[in-house]
Amino acid sequence: MYVFNFYPTHHKSHKKIDFRSDVDDLGFLRPWSPQEESGCKKQYETWYASYLPIVVRRRCRWEKENPRRNSHLLQRFVRKGIPHSFRKELWLRSCPSRKDGVWKKHEVPDEVIKQIKLDLPRTFPDNKFLKTENTRKTLGRALFAVAEHIPSVGYCQGLNFVAGIILLVVNDESRAIDLLVHLVSQRQDYYGENMIGLRRDMHVLHSLLREHCPRVIVTLEKLDVGLDMLVGKWFVCWFVESLPMETVLRLWDCMIYEGDEWLFKVAVTLFRSNMMAISSCETIDQLMTEVQNIGTSKTALYCHQLILKSAALPITNKSIENLRIEAERAIPE
């Protein structure tokens, strides 16, 4: 799994990759770190050489034009990448505060607390910041807040990684917890005992794939495999642990600003880009391997191109809502 992300700190001096630092700005090991054994150094060097000028150019444009004052301009700027220095502000832009009484408090069962505690040391264990005892306690409080304010969710494995990323980016415990509760509450039917929202959205994704890459659906139906088994985790964790970290951050920029359409846009683009390999699968094992390989594919790594391709798809929140209505009629309770 790729977890690295890169942010230049000086515009003109970062013409070459800085090999002196083993960790990035969010505390993840870089691919050239002696501690990192993924063997992806060369691939990341090639990607970063093409991506760094984009990052520098976008940051200059943000600082020059300040798109935050114009909603139409802001959408275009968000899709082309939020600079690291602006990301916290933009993610929190429409996030309510728990202090406003938006969410009520509920008693959290001991079993939920036990599950949270078990997953704390498993959350990005090599991250420089998240592996400290104090930060793990902060992570625990964040996950407890979700269970306390959204009892229908309680705790679901995978939310620990979502919470970890939010804490690292926002770097403010109170507001990070506000954002975590806010985002989970928007998608709370993905979690819980029957995961009705996830089942519904897998049905929606199936419909979109039938339209945009039918050969994938032919393969799934031939092998009698459901999307929930293949990519349910993509939606439960909003692609954390499935895509490179910079790609996840770029996807979240769009998802937080525009909505769930971006989960579907990116999923369809990833399937389309790997359609030939997937459609050639003859067994379930081959299919599982090919879908798992999507996360380490060139399409997944080159996040700027992935977002631009996804933006071009005619998939909107309105079309998703219409498909969700149809899906709710089709899936069993």
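Nothing here was measured: the structure is a model prediction, and the numbers come from that model.

The contact between helix α10 (residues 227–236) and helix α12 (residues 261–273) brings their axes to 11 Å, and the two run at 130 degrees. Looking at the two axes, α10 sits oblique to α12. For the element pair α10 and α12, the recorded crossing hand is right-handed. The segment α10 lies against α12, with Leu227, Val231, Trp234 and Phe235 engaging Leu263, Phe264, Ala267, Leu270 and Phe271. The residue makeup of the contact of α10 with α12, split by class, is nine nonpolar, no polar and no charged.

The next thing to look at is the side chain of threonine 299. Examined against the element boundaries, threonine 299 turns out to sit in helix α15 (residues 298–301). Taking relative accessible area as the criterion, threonine 299 reaches 18% and is therefore assigned buried.

As a further point, take a nonpolar patch on the surface. Taken together, the side chains of Met229, Ile284 and Met288 define a hydrophobic patch exposed on the protein surface, amounting to about 260 Å² of accessible area. Tracing the sequence through the fold places methionine 229 in helix α10.

This model, assessed by the stated rule, comprises 14 aromatic pairs. Between the aromatic rings of tryptophan 47 and tyrosine 48, the centroid separation amounts to 6.1 Å while the plane-to-plane angle is 45 degrees, which identifies the pairing as tilted. Residue classification places tryptophan 47 among the buried residues on the basis of a relative accessible area of 1%. Residues tryptophan 47 and tyrosine 51 carry aromatic rings whose centres are separated by 4.9 Å and whose planes lie at 20 degrees to one another, so their mutual orientation is stacked. Here tyrosine 51 and tryptophan 47 lie together in helix α1 (residues 41–65), a separation of four residues that amounts to about one turn. Both residues of the pair, tryptophan 47 and tyrosine 51, count as buried. An aromatic cluster of at least three residues, connected via ring pairs, comprises Tyr190, Tyr191, Trp234, Phe235, Phe239, Phe264 and Phe271. The ring of tryptophan 238 is capped by arginine 187, whose NZ or CZ atom sits 5.3 Å from the centre of that ring.

Looking now at the side chain of arginine 136. Relative to the helices and strands, arginine 136 resides in helix α5 (residues 133–149). Buried and unpaired, arginine 136 has no salt bridge, with glutamate 133 as the nearest side chain of opposite charge at 5.1 Å. Not counting residues up to four positions away in its chain, the partners in contact with arginine 136 are Leu120, Pro121, Leu130 and Lys131.

Attention now moves to the UniProt feature "domain: Rab-GAP TBC" (unreviewed entry) in the protein. The positions that UniProt labels "domain: Rab-GAP TBC" (unreviewed entry) are, in the present scheme, residues 81–259. Measuring from the first to the last C-alpha atom of residues 81–259 gives 16 Å, for a span that is 63% helix and 0% strand.

So, on to the nonpolar core. If you look at soluble globular proteins, the nonpolar side chains tend to sit buried side by side. Formed by 102 residues in total, the largest nonpolar core has its most connected members in Leu205, Trp234, Phe235, Phe239, Trp252 and Phe271. Filtering out sequence-adjacent residues up to four positions away, leucine 205 remains in contact with Leu227, Val231, Phe235, Phe264, Ala267 and Val268. Among the nonpolar cores identified, the runner-up in size contains 11 residues, and Tyr44, Leu52, Ile54 and Val55 belong to it.

Below, the discussion takes up the packing of helix α11 (residues 245–258) against α12. How two helices sit against one another is set out by the angle between their axes and by the gap between those axes. Following both chains from N to C, one finds α11 and α12 inclined at 145 degrees, their axes separated by 8 Å at the closest point. Taken together, the residues of α12 that come into contact with α11 (itself represented by Leu251, Cys254, Met255 and Glu258) are Glu261, Trp262, Leu263 and Val266. Classifying every residue of the contact of α11 with α12 gives six nonpolar, no polar and two charged.

Turning our attention to the confidence of the model for the protein. Model confidence for the protein is summarised by a mean pLDDT of 90, while 90% of its residues fall at 70 or above. Per-element confidence in the protein ranges from a low mean pLDDT of 89 for α1 to a high of 98 for α12. Counting interchain partners and residues more than four positions distant, the pLDDT-below-50 stretch residues 6–19 has 32 contacts.

Structurally, valine 169 can be placed in helix α6 (residues 159–170). Once the C-alpha coordinates of valine 169 and serine 85 are considered, the two residues, 84 residues apart in sequence, prove to be 9.7 Å apart. Setting aside chain neighbours within four positions, we find valine 169 in contact with Leu26, Arg87, Lys88, Trp91 and Leu249.

Between its terminal C-alpha atoms α5 stretches 24 Å, which fits the 24 Å expected from 17 residues at 1.5 Å a residue. Here α5 has its buried residues at Arg136, Thr138, Leu139, Gly140, Ala142, Leu143, Ala145, Val146, Ala147, Glu148 and His149. Contact partners of the buried residues in α5: α4 (110–119), α6 and α7 (173–186).

On to the pattern of salt bridges, then. A full pass over the atoms with the stated rule returns 20 salt bridges. Here arginine 98 and aspartate 178 are joined by a salt bridge, their closest N and O atoms 2.5 Å apart. On the criterion of sequence distance, the pair formed by arginine 98 in the loop between α3 (84–91) and α4 and aspartate 178 in helix α7 is long-range, its members being 80 residues apart. Take arginine 98: its relative accessible area is 26%, and that puts it in the partly exposed class. Beyond isolated ion pairs, a larger network of salt bridges with shared partners links Arg187, Asp189, Arg200, Asp201, Asp260, Glu321, Arg324 and Glu328.

This part covers unusual backbone geometry. For asparagine 171, which is not glycine, the phi torsion reads 55 degrees and is therefore positive. For asparagine 171, the location among the structural elements is in the loop between α6 and α7. On the basis of relative accessibility, which here comes to 65%, the residue asparagine 171 falls in the exposed class. Not every positive phi belongs to a glycine, and aspartate 224 is a case in point at roughly 55 degrees. Among the structural elements, aspartate 224 can be located in the loop between α9 (214–223) and α10.

What counts, and at which threshold
- Residues numbered from 1 in each chain as written.
- Predicted model: local features only at pLDDT ≥ 70, side-chain atom pairs only at ≥ 80, totals over all residues.
- Heavy atoms only, no water.
- Axes fitted to C-alpha atoms, helices over the stretch in contact; angles between N-to-C directions.
- Helix = DSSP H or I, 4+ residues; strand = E, 2+ residues; numbered from the N terminus.
- Parallel < 35°, antiparallel > 145°, perpendicular 65-115°, else oblique.
- Left-handed = near helix turned anticlockwise from the far one by under 90°.
- Contact = heavy atoms within 4.5 Å.
- Nonpolar A, V, L, I, M, F, W, Y, C, P; charged D, E, K, R; others polar.
- Buried < 20%, exposed > 50% of the residue type's maximum accessible area, 1.4 Å probe, protein only.
- Patch = residues over 30% accessible without salt bridge, like charges linked within 9 Å, V, L, I, M, F, W, Y side chains within 5 Å.
- Areas by Shrake-Rupley, 256 points an atom, 1.4 Å probe, with all protein chains shown as cover.
- Salt bridge = Lys/Arg side-chain N within 4 Å of Asp/Glu carboxyl O.
- Phe/Tyr/Trp six-rings, centres within 6.5 Å; stacked < 30°, edge-to-face > 60°.
- Lys NZ or Arg CZ within 6 Å of the ring centre and 35° of its normal.
- Lys, Arg positive; Asp, Glu negative; His and termini not counted.
- UniProt positions renumbered as here; feature names shortened; annotations may be inferred.
- Core = buried A, V, L, I, M, F, W, Y, C linked by side-chain atoms within 4.5 Å.
- pLDDT = per-residue confidence, 0-100.
- Expected span 1.5 Å × (residues − 1).

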